[in-house]
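# A look at the structure
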Amino acid sequence: MTTTLDAPAEAPVRNTKPRKRIGFHGLMMTPGTALLALLSVIPLVTITAMSFSRVRLLGGVVFDNVGLTYWARLFGDLDLWVQWLRTIAFFVLTVGLEMLLGLGFALCLWKLVRARNLLLTLFLLPMFVAPVIVGLLGRFLTDSTFGLYTWLLGLVGYHGDILGGGTSAFLAVVAMDVWEWTPLITLVVLAGLTAVPQSIREAAALDGANGWQTFRHVLLPSISGVLLVALLIRSMDAIRYFDIISVTTNGGPADATKTVPIRLYETAFRFFDLGYAAVIGLVMLVVTILIARAFVRVLDRKGLTR
Amino acid sequence: MTSAIDRTPLRARLGVRAVVIVGLLWTLVPLVWMVASSFKSDVDVTAAEPEFLFQPTLENYRSLFTGANNLGPYIWHSVLASGISSALAVAIGALAGYGLAGTRMRAKKHVAFWIISTRMAPIAVVVLPLFLLFRGANLIDSIPGLILAYLTFNLPFAIWLMSAFFAEVPPSVEESALVAGCTRWQAFWHVVLPLTKSGLVTTFVLCLVFSWNDYAFALVFSGPHSQTLPIAADQLVTQTGIDWGQLTAIGTIVVLPMIAAGLAVRRWLVTGLTLGAVTGE
């Protein structure tokens, strides 16, 4: 890019040598990457060390090496495997529903040419709500005596304690995440749809494509890249979903909503079993990195990374 | 815009409208109900039949600021911690983002992946070791501790996002500045950086929203001297019951500024929320 013009910028000859090595761009990156390294490498080393140690907190932080004890425990921990399955179920449900609803809403908004911008603005609001507030608001709306949604469900004949029953509590926390993040998908898909050139759609109409065919063969391929990015970004967040569950059910009732992040938090900060918590955390990290790798690879193949 | 192909049959148009109306109800009812409830008296909030018409009162807000647990300090902590953390993230992130966008080093891809992977790391994986490190460094229950903790997710986000905005600036702009005799720094500071003003604002606002809304980090790291608004909201949930009137009032206070900020940068949200992987419109 600026290759040909490097020369006039580097005035004193004395300076060219060290500059050549990292260059101006490298120099600019230094503060950021150095700080980021501090904030990520040190914690990573610490958590790895934790996973091999019994951590004592009284009288300063002390690590007692216990070797692979905690790692060995991982394999016999049936609860944890169940919690992983639950996390995956959670993940599939929330992300799946968000994609479907987001796509549906985006298509409808796209059809409404005139009021589109105002409506989109209203659709976006949940995205900015703190997840804790989403959770607490969810509790408020589903309270068994005065919740608005409890009352509405009562009108159609459902009279259960929503957050008190296993399945309903699970579905309720799914719904809360779906409420918060469907707007993101709507926003991204709508941006993708408005970018589809009119001429392509006209050509499809001339060829006699009906609504579904146009969607399937014209619109969907043109927004597939956008959809993919949205899907993968949501996936990364859905795995670490913590706030809403923590304030609504905190894993209950009877563990029905206990996902891996909740289990990890409880292991670390309720039972102060920090070594084992570190093991659970590292496994989560590996899973996340695998997803992120897939994210980058797919985007690369689609030519979406710069 | 309304060409022949957009002229859908009446039934389909009604269907579209129905979906949008249902979608709007699903989206807005909780928020409207929260704001409405914050102006209700205790009796109205917990009425078994929902009260749609009620005598509005400011009682909930008044007791939030005059009661034993004054909300003022919480707001101040939130403003300080998320504001400073976001400002730092944008400042450092702009430099690094510029570097990342322009660099031609071979390991660029790996560096970029490393940066973004720190943003995507599970919160607990960051919280756990930081908890020990902060204990050692006396950073638990302090605003600097929170600022640093928020930087763990704000900084990689800011670097990545700013590099997306810098990549949009045509290289010729910088080249002509250099030809005109600017130093590299002057070209960056006076020519390239001003062109990414919208990127800077968007990055700041999104960082602000993320840290303002944070609960997991504040839960672990903050104490009486640093608790933020989301913690204040959570603390209203006690063994004896929840004061829903006050809770909806806190909710309103937490949510409204972020909605305003988020909508202010709506045009660049697609770029922001997809980390620049998709540039909207």
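Every chain is numbered independently, its residues counted from 1 as its sequence is written. Here chains are named by letter from A upward and ligands by number from 1 upward, in the order in which they appear as written. Given that this is a predicted model, residues contribute local features only at a pLDDT of at least 70 and side-chain atom pairs are listed and counted only at 80 or more, while totals for whole chains, interfaces and linings are drawn from all residues. Excluding hydrogens and water, the side-chain figures rest on all heavy atoms present in the structure.

Helix and strand definitions here come from DSSP, where helices need a minimum of 4 consecutive H or I residues and strands a minimum of 2 consecutive E residues; each element is numbered from the N-terminal end. Looking only at helices and strands, chain B features 14 helices and two strands. Its C-alpha atoms give chain B principal-axis dimensions of roughly 70 × 70 × 30 Å. Whether a residue is buried, partly exposed or exposed follows from its accessible area with a 1.4 Å probe, protein chains only, as a fraction of its type maximum: under 20%, in between, or over 50%, in that order. Looking at the 281 residues of chain B, the share that counts as buried comes to 56%. Residues count as neighbours in contact if any of their non-hydrogen atoms are within 4.5 Å of one another. Of the contacts made within chain B by residues no fewer than 6 positions apart, 71% connect residues no fewer than 24 positions apart. Of the accessible surface of chain B, which amounts to about 11,900 Å², a share of 65% is contributed by carbon and sulfur atoms. For chain B, the distance from the average position of its 16 positive side-chain charges to the average position of its 14 negative side-chain charges is 16 Å. The Shrake-Rupley method, run with a 1.4 Å probe, gives the accessible areas here. Residue values count only the displayed protein chains as cover. All tallies of charge rest on Lys and Arg as positive and Asp and Glu as negative; His and the ends of each chain are not included. Every charge is mapped to an atom, namely NZ of Lys, CZ of Arg, CG of Asp or CD of Glu.

Our next topic: the overall build of chain A. Within chain A, the secondary structure is distributed over 13 helices and two strands. In summary, chain A has a C-alpha radius of gyration of 25 Å against a globular reference of 19 Å for 306 residues, an excess of more than 25%. Reported as C-alpha extents along the three principal axes, the dimensions of chain A are approximately 70 × 65 × 30 Å. The buried share of chain A, reckoned over its 306 residues, is 54%. The long-range share in chain A, meaning contacts at least 24 apart out of those at least 6 apart in sequence, stands at 66%. As defined in this context, the radius of gyration uses C-alpha atoms, and a globule is described by 2.2 Å times the residue total to the power 0.38.

In this fold, B:V125 is placed in helix 6 (residues 123–137). Judged by relative accessible area, B:V125 falls into the buried class, the value being 6%. Excluding residues that lie within four positions of it along the chain, B:V125 makes contacts with A:I47, A:G281 and A:L285.

Moving on: helix 4 (residues 72–102) of chain B. Working rule for helices: expected span equals 1.5 Å times residues minus one. An ideal rise of 1.5 Å per residue puts 45 Å on 31 residues; helix 4 of chain B measures up with 44 Å between its terminal C-alpha atoms. Given a residue, its bend is the angle between the two axes fitted to the seven residues that end at it and to the seven that start from it. The largest bend in helix 4 of chain B comes to about 30°, at B:G93.

Residues and elements named next belong to chain B. UniProt positions are given in the numbering used here, feature names are shortened, and annotations may be inferred rather than shown by experiment. Within the UniProt annotation, "transmembrane region" (unreviewed entry) is assigned to residues 14–36, 74–99, 111–134, 146–167, 188–212 and 244–265. Taken end to end, residues 74–99 is 100% helix and 0% strand, and its two terminal C-alpha atoms sit 37 Å from one another. The span residues 111–134 is 92% helix and 0% strand, and its two end C-alpha atoms sit 27 Å from each other.

In a pair of packed helices, the angle between the axes and the distance between the axes together describe the arrangement. Lines fitted to the C-alpha atoms define the axes, with helices restricted to the stretch that makes contact. Angles between their N-to-C directions range from 0 to 180 degrees. For the pair helix 5 (residues 116–124) of chain A and helix 1 (residues 10–38) of chain B, interaxial distance at closest approach is 9 Å and the crossing angle is 35°. Each of A:L119, A:L122 and A:F123 in helix 5 of chain A lies in contact with helix 1 of chain B, whose residues at this interface are B:V20, B:G23, B:L24, B:T27 and B:L28. Residue composition of the contact of helix 5 of chain A with helix 1 of chain B, by class: six nonpolar, two polar and no charged. Think of it as three bins: nonpolar holds Ala, Val, Leu, Ile, Met, Phe, Trp, Tyr, Cys and Pro, charged holds Asp, Glu, Lys and Arg, and polar takes everything else, Gly as well.

Reports often express the size of an interface as the amount of accessible area lost when the parts come together. Domain extents, as shown, originate in an automatic or database domain assignment. You can read the domains of chain B as domain 1 (1–32) and domain 2 (71–273). Relative to domain 2 of chain B, the C-alpha centre of domain 1 of chain B lies at a distance of 35 Å.

This paragraph deals with unusual backbone geometry. Backbone geometry places A:N250, a non-glycine residue, at a positive phi of 50°. Mapped onto the secondary structure, A:N250 falls in the loop between helix 11 (243–248) and helix 12 (260–269). With relative accessibility at 36%, the residue A:N250 sits in the partly exposed group. One non-glycine residue with positive phi stands out, namely B:D141, at about 55°. Locating B:D141 in the fold gives a position in the loop between helix 6 and helix 7 (143–168).

The subject of this paragraph is the interface of chain A and chain B. On the side of chain B, 109 residues touch chain A, which itself brings 102 residues to the contact. Defined in terms of a 1.4 Å probe, buried area is the accessible area two parts forfeit on being brought together, summed over both. In total, about 10,000 Å² of surface goes out of reach between chain A and chain B, with carbon and sulfur atoms giving 78% of it. Pairs of N or O atoms within 3.5 Å make up the polar contacts considered here, provided that, within protein, one atom can donate a hydrogen while the other can accept it, and that residues adjacent in sequence are counted only when both atoms are side-chain atoms. Inspection of the chain A/chain B interface yields five residue pairs in polar contact (both at pLDDT 80 or more). Examining the composition of the side of chain A that touches chain B, we find that 17 residues originate from one element, helix 2 (residues 13–51) of chain A, more than from any other. Looking at side-chain class alone, the side of chain A that touches chain B contains 77 nonpolar, 14 polar and eleven charged residues.

Before going further, it helps to spend a moment on helix 8 (residues 166–194) of chain A. Residues and elements named next belong to chain A. With 29 residues, helix 8 should cover 42 Å at 1.5 Å per step; its first-to-last C-alpha distance of 42 Å lies within 8% of that length. Maximum bend of helix 8: about 35°, positioned at W181, with proline P183 one to four residues after it. Burial runs high along helix 8: 24 of the 29 residues are buried.

Let us now look at the pairing of strand 2 (residues 62–65) of chain A. Residues and elements named next belong to chain A. The criterion for strand pairing is that DSSP finds at least two bridges linking the strands in question. Note: strand 1 (residues 53–56) against strand 2, four bridges, orientation antiparallel. Residue S53 lies in a different strand from strand 2, and its bridge partner there is N65. Hairpin connection from strand 1 to strand 2: five residues lie between these consecutive antiparallel strands, with G59 at a positive phi of about 65°.

Any pair of Phe, Tyr and Trp rings, taking the six-membered ring for Trp, is counted once the centres come within 6.5 Å. Such a pair is stacked with planes under 30 degrees apart, edge-to-face with planes over 60 apart, and tilted for the rest. In this structure the tally under the stated criterion is 26 aromatic pairs over all chains. Aromatic pair A:F242 and A:Y265: ring centres 5.2 Å apart, planes at 50°, arrangement tilted. One end of the pair, A:F242, is in the loop between helix 10 (211–239) and helix 11; the other, A:Y265, is in helix 12, with 23 residues separating them in the sequence. Classification of A:F242 by relative accessible area gives buried; the value is 7%. Between B:W185 and B:W189 the ring centres are 5.7 Å apart and the planes differ by 15°, which places this aromatic pair in the stacked class. One end of the pair is B:W185 and the other is B:W189, both in helix 9 (residues 184–195) and four residues apart, which spans about a single turn.

Right, let's get into the confidence of the model for chain B. Residue and element names in this part refer to chain B. What pLDDT reports is the predictor's confidence in each residue, on a scale of 0 through 100. Confidence in the prediction of chain B, expressed as mean pLDDT, is 88, and 96% of residues score 70 or more. Every residue in residues 1–5 is under pLDDT 50, and counting partners more than four places away or in other chains gives ten contacts. Across the interface, the model reports ipTM at 0.90; the global pTM reads 0.89.

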